[in-house]
Amino acid sequence: MLRQQDVGHRIVVRRIVGIREGRPLFSDALGELVELSETHLTLATKQGRLRVPVAEVHRAKRVPPARRPTAAAVVELELAADEAWPAAVRGRLGDWRLRAADGWTGRANSALPVGDPDRPLPAALDAVERWYADLGQPPMVNTPLPLAAPVGAELDARGWVGRPPVLVQTVPLAGLPPAAPEHAGAPPVALATAPSDDWLTVAAGRKGGLPDAARHVLTAVDQVRFAHVYVDGALLAIGRGTVTGPGRWLGLSLIEVLPEARRQGLAGRIIRALVDWGVAAGASRAFLQVEQRNTPAVALYRSLGFTTHHTYLTRTPPA
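Criteria and cut-off values
- Residues numbered from 1 in each chain as written.
- Predicted model: local features only at pLDDT ≥ 70, side-chain atom pairs only at ≥ 80, totals over all residues.
- Heavy atoms only, no water.
- Buried < 20%, exposed > 50% of the residue type's maximum accessible area, 1.4 Å probe, protein only.
- Helix = DSSP H or I, 4+ residues; strand = E, 2+ residues; numbered from the N terminus.
- Pairing = 2+ DSSP bridges.
- Right-handed = clockwise from strand over helix to strand, strands pointing away.

Draft legend 1. Quick peek at the pairing of strand β14 (residues 249-257). Buried residues dominate β14, accounting for nine of its nine residues. Strand direction decides the pairing type here: strand β13 (residues 234-244) and β14, joined by seven bridges, are antiparallel. Counted as the bridge partner of T242 is G251 from β14. Linking β13 to β14, which pair antiparallel, is a turn of four residues; within it G245 sits at a positive phi near 80°. For the handedness criterion, the β-α-β arrangement of β14, helix α6 (residues 266-280) and strand β15 (residues 285-291) is classed as right-handed.

Okay, structure coming up:
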């Protein structure tokens, strides 16, 4: 049966649609799982969204993507994402990127093993461990899948564990649905080239603090915008957009709405404002990274047309 880890992935569902001569009638549906609850599951199919009561499900399982991205496409996107989230301390191991930022976020404090490390794989991982030990922090390795499957296998042999899977999702900007009409009095989305103090406070609450290295990660990008939504002088929602890479990718991150302002469409309006800026800056595609278990966010992004390009695991050594 399906689990929350399957949200955001392609699945096939066989459901019972009736009874004929005492025998059940089945119908199969194929699509991306966008929501899973105790009572229903929802798929995004080519024919539209399909909501199926769990009581009608005879069998359901995850299936491989209809078309896997090429290794070159995964590398291009991973390098654009690395540029969009720049670690304060950086190193190289052949083509591999080594990154550290005072422990702030896994992305900015992990090795990115794409390309050739210029040495055998076991020696490369030994060098990664030494690099982080010299900085006085534990090593981490970010493994894009299936590209870095050999790295993952070597880490498995060493007893390393994985954090929750992350979906790297993309959408062509030309394919985004039109923005919903704004109601009278809707608060505007303001974009700035630097985050306000209020913005940083909200981000710190989301990420559990904000060391100096975090400010570098957030701001050290040539093309970056910070979205703010104020209501009666209070900041209620934030977002961040970057345009990076030769492919001109719009990266979306830190889309955050305070609890008291949720379910009012603010996240979608922030994304739309950042998309409009990104298009003007030359971007043609957008990407974001979302934990697979964050089902509300996965459902929101799916409603905007985002689909999973690939996944990654952040790997850590055994305790």
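Draft legend 2. Structural detail: the pairing of strand β3 (residues 40-45). Taking burial as the measure, the six residues of β3 include six buried ones, the bulk of the element. Here β3 shows two buried faces, one formed by H40, T42 and A44 and the other by L41, L43 and T45. The pairing of strand β2 (residues 23-36) with β3 spans four bridges and is classified as antiparallel. Counterpart to E32 in the pairing with β3 is A44. As consecutive antiparallel partners, β2 and β3 are separated by three residues. One ladder, built from six bridges, connects β3 with strand β4 (residues 48-53); its direction is antiparallel. Each bridged residue has a counterpart across the sheet, and for L41 the counterpart in β4 is V52. Linking β3 to β4, which pair antiparallel, is a turn of two residues.

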